[in-house]
Amino acid sequence: MQAPVIAVVGATGLVGEILLRVLEERDFPVAALRPMASARSAGSKVVFRGTEWEVVEASKTAFEGVDLVFFAATGALSRELAPAAVAAGATVIDKSSTWRMSDGVPLVVPEINAASIPSKPAILACPNCSTIGVVQVLAPIHRAAGLRRVVITTMQAASGAGRDGVDELRDQVAALAAGDEPQPAKVFGAQLAGNVVPHCDAFEADGYTLEESKLLHETRKILDLPQLPVTATCVRVPVEVGHSASILVETERPLSIEEARAALATQPGVRVVDNPVAARYPTPLEVTANDDILVGRIRVDREDPHRLWLWQVGDNLRKGAATNAVQTAEAWLNARSPPRSSA
């Protein structure tokens, strides 16, 4: 099968850089690369497989001859340009929240719902970075015992807010180490260094944040459980990479710890790290630069055997963003019609 021509919108951003790295690591077939970004980055260069590729401005006319487009940029850019890419004959894999809840747009975690990917040009959405890790551990529990209710508390890394979030945290840490007062927070709602901030994304009228709503609606869509009760509190923590989540799962039938571990071990991309005797459990440091979702601290609630506690950690930049997008592209390769010539 002929290798596709690929465009990456947002190639100079943090997720775009990691996406190019993951494409290399996984030896994804690429006939030609078109890195794209805003007008201010046009003319710069990115290196892919030892070759420099010039960045061009992303526009509605830039997708002719492209088979696959990764959007690793703003939601506004995706909203403007993704339909144009599809009209030009390309399939779009979008990391923003723009298309996730749109009817007819698959919201893809390939280990769970790769079969939803169409063979013809279309928009495919990638879930929120926190949602990906959560659904990866909920799916096998649902298969084993059914889901009644899910309560989630996330602890999300600074890189979830992009390069600016990491830079702000580093500047604050450096200022504190020098005995200085950090500059007022711009990216986060409050100083993150030496602190935790119970605020990810904008607040809604009912007091929840958009990040918390994403966990609700995206989890339901991916698992095809439109009525599943899901509630969340999303917290930003002073960690650069690696989102964590404490998850309380209420199941239709009780699961023992051993049954839960066995069920989780069957899920592709999930690794059980759960040995209380040896103090072995997942941490963000362990998962950084790793594509596995780690799960541990598995225990049955003391008051109700239908309730199970889990601790889940994933690299929000890799599996939570770039790797999930590349895995979606791999599944698309298997599903697509023969591509047109890239000549």
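The structure presented is a predicted model; accordingly, all values stated were derived computationally and were not measured.

Asker: What am I meant to see in the overall build of the protein chain here?
Answerer: Counting secondary structure elements, the protein chain contains nine helices and 14 strands. The C-alpha radius of gyration computed for the protein chain amounts to 20 Å, which stays within 12% of the reference 20 Å derived for 343 residues, consistent with globular compactness. C-alpha extents for the protein chain along the principal axes are approximately 65 × 55 × 40 Å. The buried share of the protein chain, reckoned over its 343 residues, is 51%. Long-range pairs, those at least 24 residues apart, make up 67% of the contacts in the protein chain with a sequence separation of at least 6. Carbon and sulfur atoms form 52% of the exposed surface of the protein chain, whose accessible area is close to 15000 Å².

Asker: Even after reading the chapter, I still don't get the sheet that holds strand β2 (residues 32–37), so can you show me in this structure?
Answerer: By way of backbone hydrogen bonds, the strands of a sheet pair with one another, either parallel or antiparallel. Spatial ordering of the open sheet is given by β5-β2-β1-β6-β7-β8, a layout of six strands whose pairing is parallel. The strands lining the two open edges of the sheet, one partner per strand, are β5 (56–57) and β8 (123–125). Pairing analysis gives four bridges linking strand β6 (residues 68–71) to strand β7 (residues 91–94), with the strands arranged parallel. Opposite Phe 71, over in β7, you have Asp 94 as the bridge partner. Sitting on the sheet, helix α2 (residues 75–87) is in contact with β1 (5–9), β6, β7 and β8, with an inclination near 175 degrees to β6. Docked against the sheet, helix α9 (residues 318–335) engages β6, β7 and β8, running at close to 160 degrees with respect to β6.

Asker: What should I look at first to understand the pairing of strand β9 (residues 147–156) in this one?
Answerer: A regular strand carries its side chains on alternate faces of the sheet. Pairing of β9 with strand β11 (residues 243–251) involves eight bridges; the strand directions are antiparallel. Following the sheet pairing, Thr 153 is matched in β11 by Ser 246. Pairing of β9 with strand β10 (residues 230–236) involves seven bridges; the strand directions are parallel. Its bridge partner being in β10, Thr 154 is matched across the sheet by Cys 234.

Asker: Would you mind going over unusual backbone geometry with me for this structure?
Answerer: Negative phi is the rule for most residues except glycine; trans is the rule for most peptide bonds. Although it is not a glycine, Ala 279 adopts a positive phi angle of roughly 55 degrees. Judged by relative accessible area, which is 44%, Ala 279 ranks as partly exposed. Phi at Arg 297 is positive, roughly 50 degrees, even though this residue is not glycine. In this fold, Arg 297 is placed in strand β13 (residues 293–300).

Asker: Looking at this structure, how should I read the packing of helix α4 (residues 129–145) against α9?
Answerer: To describe two helices that pack against each other, one gives the angle between their axes and the distance between the axes. Packing of α4 against α9 brings their axes to within 8 Å, and their N-to-C directions diverge by 90 degrees. Here α9 runs roughly perpendicular to α4, going by the angle between their axes. Residues Cys 129, Ile 132 and Gln 136 of α4 touch α9, and the partners they reach there are Lys 319, Gly 320 and Asn 324. Looking at the contact of α4 with α9, its residues break down into two nonpolar, three polar and one charged.

Asker: Can you help me understand the sheet that holds β13 in this one?
Answerer: Read from one edge of the open sheet, six strands run β10-β9-β11-β14-β13-β12, paired in mixed fashion. Where the open sheet ends on each side, the last strands, each with one partner, are β10 and β12 (270–272). With strand direction ignored, the average angle separating the axes of adjacent strands in the sheet is 20 degrees. Across three bridges, β12 lies against β13 in parallel orientation. When the bridges of β13 are listed, Arg 271 appears paired with Leu 294. Across the sheet, helix α6 (residues 210–223) touches β9 and β10, and the angle it forms with β10 is around 135 degrees.

Asker: Looking at this structure, how should I read α9?
Answerer: It helps to recall that an α-helix has 3.6 residues per turn; residues three or four apart then point in one direction. Along α9, the largest kink reaches about 40 degrees and is centred on Asn 324. Among the 18 residues that make up α9, 15 are buried, leaving the element largely enclosed by the rest of the structure.

Asker: Please explain the pairing of strand β4 (residues 51–54) as it appears in this structure.
Answerer: In this structure, strand β3 (residues 45–48) lies alongside β4, joined through four bridges in antiparallel fashion. Looking at the pairing, Phe 48 lines up with Thr 51 of β4. Linking two consecutive strands that pair antiparallel, namely β3 and β4, is a turn of two residues; a positive phi of about 50 degrees is found at Arg 49 within it.

Asker: Can you walk me through the nonpolar core in this structure?
Answerer: As a rule of thumb, soluble globular proteins bury nonpolar side chains together. The biggest cluster of nonpolar side chains holds 55 residues, and the ones touching the most others in it are Phe 63, Val 69, Ile 141, Ile 152, Ile 247 and Leu 310. In terms of residue count, α4 provides more of this core than any other element does, eight residues in total. In this structure Leu 310 touches Val 137, Ile 141, Ala 245, Ser 246, Ile 247, Val 249, Leu 264, Val 295, Gly 296, Arg 297 and Ile 298, once residues within four positions along its chain are discounted. Core analysis: the next-biggest nonpolar cluster, separate from the first, contains 32 residues, Val 8, Ala 11, Ala 322 and Ala 331 among them.

Asker: How do you make sense of the packing of aromatic side chains when you look at a structure like this?
Answerer: Two aromatic rings are characterised by how far apart their centres lie and by the angle between their planes. As enumerated under the stated definition, the model contains one aromatic pair in all. When the centroid spacing of 6.3 Å and the interplanar angle of 40 degrees are considered together, the rings of Phe 63 and Phe 71 count as tilted. You'll find Phe 63 and Phe 71 in the same group, each marked buried.

The rules we used
- Residues numbered from 1 in each chain as written.
- Predicted model: local features only at pLDDT ≥ 70, side-chain atom pairs only at ≥ 80, totals over all residues.
- Heavy atoms only, no water.
- Helix = DSSP H or I, 4+ residues; strand = E, 2+ residues; numbered from the N terminus.
- Rg over C-alpha atoms; globule rule 2.2 N^0.38 Å.
- Buried < 20%, exposed > 50% of the residue type's maximum accessible area, 1.4 Å probe, protein only.
- Contact = heavy atoms within 4.5 Å.
- Areas by Shrake-Rupley, 256 points an atom, 1.4 Å probe, with all protein chains shown as cover.
- Pairing = 2+ DSSP bridges.
- Axes fitted to C-alpha atoms, helices over the stretch in contact; angles between N-to-C directions.
- Parallel < 35°, antiparallel > 145°, perpendicular 65-115°, else oblique.
- Nonpolar A, V, L, I, M, F, W, Y, C, P; charged D, E, K, R; others polar.
- Bend = angle between axes of the 7 residues up to and from the residue.
- Core = buried A, V, L, I, M, F, W, Y, C linked by side-chain atoms within 4.5 Å.
- Phe/Tyr/Trp six-rings, centres within 6.5 Å; stacked < 30°, edge-to-face > 60°.

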